[in-house]
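# Descriptive analysis of the structure
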Amino acid sequence: MVTLSGGHTIGLSNCSSFRDRLFPNQDPTLNQTFAAQLLAICPTNTSTNGTVLDVRTPRQFDNKYYVNLVNREGLFTSDQDLFTDTRTRDLVANYATNETFFFQQFPWSMIRMGQIGVLTGTQGEIRTRCSARNNPTLVNMVPDTDGNEESASAVY
């Protein structure tokens, strides 16, 4: 999971996804300068702005995500926990200092994740929103060929 989290070297997030690091009190694991930058983007706990996941190289797939964690500049609590936790700290530090090692491990981790048993048929579901389970009282929605949502009678 530490390796796959390196995918956060590219991407964006809304304030609502990391506001718990700023409000009501600042997360003590957050770098003070970085926190000030985040507060400029998200001045209130209801701000709807967003920012990049990797402040160093937001459009490049590299190991700077891990450098951010070492410098206490992880955007999400779950990301920063990878460096805070003694069980994963050494691997984060290795990736931060050895990009080649990260590049070797990332594809292998993706392959292993792809081998996890996928739920199909009535055992799984296609989420209408990736960040939340579907409401079990509503009929599952699947995109039609035009990209519009239409109801489906089958459970996926």
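For clarity, every value in this text was computed on a predicted model and none was experimentally measured.

## Let's talk about a nonpolar patch on the surface
- Taken together, the side chains of Ile10, Phe61 and Phe103 define a hydrophobic patch exposed on the protein surface, amounting to about 240 Å² of accessible area.
- Note that Phe103 resides in helix H5 (residues 99–114).
- When its relative accessible area of 35% is taken as the criterion, Phe103 is described as partly exposed.

## Focus: the packing of aromatic side chains
- All told, the structure shown has 10 aromatic pairs when counted by the stated rule.
- With 5.1 Å between their ring centres and 65° between their planes, Tyr66 and Phe102 make a pair best called edge-to-face. With Tyr66 in helix H2 (residues 64–70) and Phe102 in helix H5, the pair connects residues that are 36 residues apart, well separated along the chain.
- Residue classification places Tyr66 among the buried positions, given a relative accessible area of 0%.
- On the accessibility criterion, Phe102 (0% relative accessible area) is buried.

## Describing helix H1 (residues 32–41)
- Among the residues making up H1, those that are buried are Phe34, Ala35 and Leu38. Buried residues in H1, looked at end-on, bunch into an arc of 100°, giving them a common side. Along H1, the residues that are exposed and aim more than 90 degrees away from the buried face are Gln32, Thr33 and Ala40.

## Let's talk about the state of the cysteines
- If you walk through the whole model with that rule in mind, you get 1 disulfide.
- The disulfide bridge from Cys15 ends at Cys42, spanning 1.8 Å between sulfur atoms. Note on the Cys15 and Cys42 pair: the S-S dihedral is about -80°, so by sign convention the disulfide is left-handed. Remark: Cys42 occurs in the loop between H1 and strand S2 (50–52) and Cys15 occurs in the loop between strand S1 (12–14) and H1; sequence separation between them is 27 residues.
- A relative accessible area of 1% means that Cys42 is categorised as buried.

## Section: the packing of helix H4 (residues 89–97) against H5
- Look at H4 against H5: their axes get within 5 Å of each other, and the N-to-C directions meet at 115°. Put simply, H4 runs roughly perpendicular to H5. Contact with H4, carried on its side by Leu91, Asn94, Tyr95 and Thr97, involves Glu99, Phe101, Phe102 and Gln105 of H5 and no other residues of that element.
- Taken together, the residues that form the contact of H4 with H5 break down as 4 nonpolar, 3 polar and 1 charged.

## A look at the UniProt feature "binding site: heme b" (unreviewed entry) in the protein chain
- Mapped onto the present numbering, the UniProt feature "binding site: heme b" (unreviewed entry) falls on His8.
- Setting aside chain neighbours within four positions, we find His8 in contact with Leu53, Asp54, Tyr65, Phe76 and Asp79.

## Here's the deal with the pattern of salt bridges
- This model, assessed by the stated rule, comprises 3 salt bridges.
- The partner of Arg56 in a salt bridge is Glu73, and the shortest N-O contact between them spans 2.5 Å. Of the two residues, Arg56 is situated in the loop between S2 and H2 and Glu73 in the loop between H2 and helix H3 (77–84); the sequence distance between them amounts to 17 residues.
- On the basis of relative accessibility, which here comes to 14%, the residue Glu73 falls in the buried class.
- When the shortest N-O distance is used, the salt bridge between Arg87 and Asp85 registers 2.6 Å.

## Some details on the environment of Thr77
- Following the sequence through the fold, Thr77 ends up in helix H3.
- The sequence separation of Thr77 and Phe18 amounts to 59 residues, and the corresponding C-alpha distance is 7.4 Å.
- Among all residues touching Thr77, those that are not within four sequence positions of it are Asp20, Arg21 and Asp27.

Conventions used here
- Residues numbered from 1 in each chain as written.
- Predicted model: local features only at pLDDT ≥ 70, side-chain atom pairs only at ≥ 80, totals over all residues.
- Heavy atoms only, no water.
- Patch = residues over 30% accessible without salt bridge, like charges linked within 9 Å, V, L, I, M, F, W, Y side chains within 5 Å.
- Areas by Shrake-Rupley, 256 points an atom, 1.4 Å probe, with all protein chains shown as cover.
- Salt bridge = Lys/Arg side-chain N within 4 Å of Asp/Glu carboxyl O.
- Helix = DSSP H or I, 4+ residues; strand = E, 2+ residues; numbered from the N terminus.
- Buried < 20%, exposed > 50% of the residue type's maximum accessible area, 1.4 Å probe, protein only.
- Phe/Tyr/Trp six-rings, centres within 6.5 Å; stacked < 30°, edge-to-face > 60°.
- Arc of directions from axis to C-beta.
- Disulfide = S-S within 2.5 Å.
- Axes fitted to C-alpha atoms, helices over the stretch in contact; angles between N-to-C directions.
- Parallel < 35°, antiparallel > 145°, perpendicular 65-115°, else oblique.
- Contact = heavy atoms within 4.5 Å.
- Nonpolar A, V, L, I, M, F, W, Y, C, P; charged D, E, K, R; others polar.
- UniProt positions renumbered as here; feature names shortened; annotations may be inferred.

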